[in-house]
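# Results of the structural survey
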Protein chains: 2
Amino acid sequence: MNILLLSGGSGKRLWPLSNEQRSKQFIRIFKNENGDYESMVERIYGSIRKVDPDARITVATAKSQVSEIRNRLGNDVGISVEPARRDTFPAIVLGCVFLHEVQSVGEDEPVVVCPVDPYVEDDYFRALKDLSDLASKGEANLTLMGMEPTYPSEKYGYIIPENADSVSRVNCFKEKPDEKTAEEYIAKGALWNGGIFAFKMSYILKKAHELIDFTDYDDLYSKYENLTKISFDYAVVEKEESIQVMRFNGLWKDLGTWNTMTEAMTEEYVGDVSMGSNNSNVHVINELNVPILAMGLKDVVIAASPDGILVSDKHESSYIKPYVDKLDSRVMFAEKSWGNYRVIDVNPGSMTIKVTLKAGNKMNYHSHELRDEIWTIVSGTGRTIVDGMEQVVHAGDVITIQAGCKHTIIAETELQVIEVQLGKEISVDDKRKFELN
Amino acid sequence: MNILLLSGGSGKRLWPLSNEQRSKQFIRIFKNENGDYESMVERIYGSIRKVDPDARITVATAKSQVSEIRNRLGNDVGISVEPARRDTFPAIVLGCVFLHEVQSVGEDEPVVVCPVDPYVEDDYFRALKDLSDLASKGEANLTLMGMEPTYPSEKYGYIIPENADSVSRVNCFKEKPDEKTAEEYIAKGALWNGGIFAFKMSYILKKAHELIDFTDYDDLYSKYENLTKISFDYAVVEKEESIQVMRFNGLWKDLGTWNTMTEAMTEEYVGDVSMGSNNSNVHVINELNVPILAMGLKDVVIAASPDGILVSDKHESSYIKPYVDKLDSRVMFAEKSWGNYRVIDVNPGSMTIKVTLKAGNKMNYHSHELRDEIWTIVSGTGRTIVDGMEQVVHAGDVITIQAGCKHTIIAETELQVIEVQLGKEISVDDKRKFELN
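This write-up is about the structure you can find in this document. (Residues numbered from 1 in each chain as written. Chains lettered and ligands numbered in written order. Predicted model: local features only at pLDDT ≥ 70, side-chain atom pairs only at ≥ 80, totals over all residues. Heavy atoms only, no water.)

Turning to the overall build of chain A, a few remarks are in order. Broken down by element type, chain A carries 10 helices and 30 strands. Relative to the compact-globule value of 22 Å for 437 residues, chain A shows a C-alpha radius of gyration of 24 Å, a close match. By principal-axis analysis of the C-alpha atoms, chain A measures approximately 70 × 60 × 40 Å. In chain A, which comprises 437 residues, the share counted as buried stands at 56%. Contacts in chain A between residues at least 24 apart in sequence constitute 66% of all its contacts with a sequence separation of at least 6. Surface summary for chain A: the accessible area is close to 18,600 Å², and the carbon and sulfur share equals 44%. (Helix = DSSP H or I, 4+ residues; strand = E, 2+ residues; numbered from the N terminus. Rg over C-alpha atoms; globule rule 2.2 N^0.38 Å. Buried < 20%, exposed > 50% of the residue type's maximum accessible area, 1.4 Å probe, protein only. Contact = heavy atoms within 4.5 Å. Areas by Shrake-Rupley, 256 points an atom, 1.4 Å probe, with all protein chains shown as cover.)

Below, the structure is given as structure tokens:
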């Protein structure tokens, strides 16, 4: 099975655990069989591998998510990097051309496309395999998966099939309706459109060249930023005549808000949390290193990270976005391919961060024009290079870097560094990168 | 007016804003006329000064609170330092002997004793002055203030007066009753016992020498730790025949729980807080430097400090103590006479703190046996002394202190220092103090 997972943008509806650097698919809140916490992306990847150990899995995503995906999924996963966000049609085309040219997926092979972030169980992945097999048979150009509705939702588009068979031709598509209209659709046997498609590679390549002027993957990649933003539904699905839908009636939840996210949590809380008396339907996720005590609450979600603290009624949490838009958007925590960093103190004229470099990793060789930096190594061993001078460092060593000095640090074992930045202007943009000779 | 304010212990019922270093009376949540936030102790001190500019105000308190009281109230306030906690009779005796011997309050002068932490308005302080005048007249050995009950509370002891006059002889005292009994007391004209007493100095000195074997203040101070723990009510009030009570029917709230504390707050929130949609009777106090967003909550208090985060139904917050007892009790933030410190990162083998020294202040000259320390000055100017070597320091300077080195830092302007502590065992007890030559 060739599967292209669409990994979407940041989204503020799961603030403070999603930010510009981290999307909801990376939040570790699902306890797996080994008792470890895993994120949606780890969960979905592992489940696909379980159903189909030979599946060729590729994630289509923005550059800013690449580190986090490599950290979570390792080097076996393919990554189709989008140079910009251009909606699902360009993303799927780029991903498929990547699969075809870079990963040598043949024109007659089927490809399944689905979002990376629904909350599902193993039957969903078996259904994806069925979908792939249906596409392989070629009875229709496009095969969709349609979810049996559990209530007349206003959040989804609807697919109206011709009949109630497990696989049926599609009669038509309907935009997100109001509740009453949704009830009418459901009475006619309509299904939720979950954005899950399967087709043969030849089909998508043909559509791609019809709608986009490009020669090969590199050409498409270079033009990507200027492509028109358009969804795959709008560009392809709704115009296709030869189209069928496969019914799916297993668990499928869109984890777009804290309300639905906490429904999927296997534990009441994650992190340093004390549940006091008389809590009912309360979920707490604490990524801070101070305890949270929750008492006497009902239908409440608490989420705390270095970016902030949310305390919300679960239903009300759907309306979070405008309030988050107004907050200071400085990213206080980020995971990177080389480790992570966390802002621990901010002052006028200085900022203190804690940097963790994984063993074998290093920072870029870089300099800052407007700030000095002082590194205190608090654990691990490694080497620093400052203006070409190399030095072995271990816990307790202090390295002073004046503004303008080129510098890097290379972790031999895992390294933890307290970095004090000092300067009138401290900005992430004040950074020049250099090659190490 | 001579007034002795009893400043009680730490108390966990207002966690995470009160800890071993800081009691509820120091939490700054009341906005004053200038728009600044002030604490209970500042509020009560300012109000007494307003009613009686010449009042001689003395606070009876533990050693651990002395710094904070000096910070908040300055040098005009008298402080009777208790070498240990021995309940209210020893505390009042020590305070009065301090007033008599150290502050030269005469034997014929009245003294008013009251707790530092009720939430009251100006009429309360005028009533204290009336109480002092009544004591001065000498019509009874003891004059109490009794609060007109607003409901049949089970939290207070009751005073049964002989009649309903504004000042009446006391018939008897009743222990904290159940609600039904409280109703019966109130029907008989009973008053709440708020622990507010006035008497002449000669009276308390006589009682003191009757019950405690001591010669003078220094002798009493040296014996203090071995005195029997006993309340003033039990040792004196309940045994006294010549006793009267003055009725008080103004605002008087015991701010012992988050529920009552938030009732007294003048604003919905203090600190970096966003109030989202549909909150009702929600109060937020945020001492962290990340934003809190509250949405769709009802009757909830949120309090966040470097010690932890409480999210509780207001009523339920009364039952907080056993849960706080179970939490790690490391103090992450403390205010001192010289400034404050805050723990910003904890690792096995290292701890990073931020120290702020007020201009003109210095640390003790001290050393640690088991840890190195690295100071990075992030703002201000001052001097460091390390093993006798003095050095001028300013923002950007780094000072390395090996285990065993004596060291101090003296702030010329306000100084902020990031201190990284490194060692196998990092403990507040690992500290030796020295004299600076």
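This part is about the sheet that holds strand 14 (residues 269–270) of chain B. Pairing within the open sheet is mixed, and its 6 strands lie in the order 15(A)-17(A)-19(B)-18(B)-16(B)-14(B). The sheet is open, and its two borders are formed by strand 15 (273–275) of chain A together with strand 14 of chain B, each paired with just one other strand. Sheet analysis places strand 15 of chain A next to strand 17 (residues 292–295) of chain A, joined by 3 bridges and oriented parallel. By the bridge assignment for strand 17 of chain A, Ser-274 of chain A is matched with Leu-293 of chain A. (Pairing = 2+ DSSP bridges.)

To continue, consider the relation of the copies chain B and chain A. At an RMSD of 0.1 Å, chain B and chain A line up after a rotation of 180° and a shift of 0.0 Å along the axis. On this basis, the relationship between the two copies can be described by a two-fold rotation axis. Residue Ile-344 of chain B of chain B places its C-alpha closer to the rotation axis than any other residue of that unit, at 3.0 Å. By residue overlap, the copies meet face to face through one surface: 100% of the interface positions of chain B are interface positions in chain A. (Least-squares fit on C-alpha atoms with pLDDT ≥ 70 in both.)

With that settled, the discussion passes to the pattern of salt bridges. For side chains of opposite charge, pairing can occur when their charged atoms come near one another. Under the counting rule described, the total for this entry stands at 40 salt bridges over all chains. Where Glu-42 of chain B meets Arg-28 of chain B, a salt bridge forms, and the shortest distance between an N and an O atom there is 3.1 Å. A residue pair is termed long-range when its members are at least 10 positions apart, and Glu-42 of chain B in helix 1 (residues 40–51) and Arg-28 of chain B in the loop between strand 1 (2–6) and strand 2 (30–31) qualify at 14 residues. Taking relative accessible area as the criterion, Glu-42 of chain B reaches 15% and is therefore assigned buried. Across the salt bridge formed by Lys-206 of chain B and Glu-210 of chain B, the nearest N and O atoms sit 3.4 Å from each other. You can see Lys-206 of chain B and its partner Glu-210 of chain B sitting in helix 6 (residues 201–211), 4 residues apart, about one turn around the helix. Classification of Lys-206 of chain B by relative accessible area gives exposed; the value is 53%. One salt-bridge network, held together by shared partners, links Arg-28, Glu-42, Glu-68 and Arg-72 of chain A. (Salt bridge = Lys/Arg side-chain N within 4 Å of Asp/Glu carboxyl O.)

Turning next to the sheet that holds strand 20 (residues 333–336) of chain B. Residue and element names in this part refer to chain B. The strand order across the open sheet formed by 6 strands is 20-21-22-29-24-27, and the pairing between neighbours is antiparallel. A single partner strand is all that each edge strand has here, and the edge strands are strand 20 and strand 27 (398–401). The mean angle between the axes of side-by-side strands here comes to 20°, regardless of whether they run parallel or antiparallel. (Axes fitted to C-alpha atoms, helices over the stretch in contact; angles between N-to-C directions.)

Looking now at a negative patch on the surface. Together, Glu-154, Asp-178, Glu-179 and Glu-183 of chain A make up a negatively charged patch on the protein surface. Note that Glu-183 of chain A resides in helix 5 (residues 179–187). (Patch = residues over 30% accessible without salt bridge, like charges linked within 9 Å, V, L, I, M, F, W, Y side chains within 5 Å. Lys, Arg positive; Asp, Glu negative; His and termini not counted. Charge placed at Lys NZ, Arg CZ, Asp CG, Glu CD.)

With that out of the way, let us pick up the interface of chain B and chain A. Contacts between chain B and chain A engage 49 residues on the former and 49 residues on the latter. For the chain B and chain A pair, buried surface summed over both sides reaches about 4,100 Å², with 65% attributable to carbon and sulfur atoms. On the surface where chain B and chain A come into contact, there are 2 salt bridges. Linking chain B with chain A are 24 residue pairs in polar contact (both at pLDDT 80 or more), by the criterion used here. At 6 residues, the largest contribution of residues to the side of chain B that touches chain A is made by strand 19 (residues 308–313) of chain B. Here the residues of the side of chain B that touches chain A sort into 30 nonpolar, 14 polar and 5 charged. (Buried area = accessible area lost by both parts, 1.4 Å probe. Polar contact = N/O pair within 3.5 Å; in protein donor to acceptor, adjacent residues only side chain to side chain. Nonpolar A, V, L, I, M, F, W, Y, C, P; charged D, E, K, R; others polar.)

Aromatic rings in a pair are described by how distant their centres are and how their planes are angled relative to each other. All names here are of chain A. Within this structure, the stated rule accounts for 30 aromatic pairs over all chains. Geometrically, the ring pair formed by Phe-98 and Tyr-217 is tilted, given 5.8 Å between the ring centres and 55° between the ring planes. One end of the pair, Phe-98, is in helix 3 (residues 88–102); the other, Tyr-217, is in helix 7 (residues 217–223), and 119 residues separate them in sequence. For Phe-98, a relative accessible area of 10% translates into the label buried. Ring geometry for Tyr-151 versus Trp-192: centroids 5.5 Å apart, planes at 75°, classification edge-to-face. Residue Tyr-151 is found in the loop between strand 8 (142–147) and strand 9 (158–161), and its partner Trp-192 is found in strand 11 (residues 191–200); the two are separated by 41 residues along the sequence. Classification of Trp-192 as buried rests on a relative accessible area of 4%. Among the aromatic residues, those joined into a ring-pair cluster are Phe-89, Phe-197, Phe-199, Tyr-203 and Phe-232. The ring of Phe-434 carries the charged tip of Lys-406 above its face, separated from the ring centre by 4.8 Å. (Phe/Tyr/Trp six-rings, centres within 6.5 Å; stacked < 30°, edge-to-face > 60°. Lys NZ or Arg CZ within 6 Å of the ring centre and 35° of its normal.)

So, on to the pairing of strand 4 (residues 56–62) of chain B. Along any regular strand, the residues point their side chains to alternate faces of the sheet. Residue and element names in this part refer to chain B. A large share of strand 4 lies buried, amounting to 6 of its 7 residues. The sheet contact formed by strand 1 and strand 4 spans 5 bridges and is parallel. By the bridge assignment, Asn-2 is partnered in strand 4 with Arg-56. Bridge analysis of strand 4 against strand 5 (residues 78–82) gives 5 bridges, and the strand direction is parallel. Following the sheet pairing, Val-59 is matched in strand 5 by Ile-79.

Turning our attention to the environment of Arg-371 of chain B. Residue and element names in this part refer to chain B. Structurally, Arg-371 can be placed in the loop between strand 23 (365–367) and strand 24 (372–379). For Arg-371, a relative accessible area of 8% corresponds to the buried category. Distance from Arg-371 to Pro-306, taken between C-alpha atoms, is 23 Å for residues 65 residues apart in sequence.

Here the focus is empty space enclosed by the protein. The gaps of empty space that remain are located by a probe, the size of a water molecule, rolled over the atoms. On inspection of all chains with the given rule, the structure shows 3 cavities of 30 Å³ or more. Computed from the structure, the largest cavity encloses a volume of approximately 260 Å³. Considering the residues around the largest cavity, the lining is formed by 19 residues, among which Leu-288, Asn-289 and Arg-342 of chain A together with Asn-289 and Arg-342 of chain B are closest to the centre. Those elements that provide at least two residues to the lining of the largest cavity are strand 21 (339–347) of chain A together with strand 21 (339–347) of chain B. For the lining of the largest cavity, the element with the most residues is strand 21 of chain B, which contributes 5 residues. (1 Å grid on protein atoms, 1.4 Å probe; cavity = no way out; pocket = protein on both sides within 12 Å on 5 of 7 lines; lining within 4 Å. Points joined across faces, edges and corners; volume = space filled by probe spheres on them.)

These figures come from the coordinates and say nothing about function on their own.
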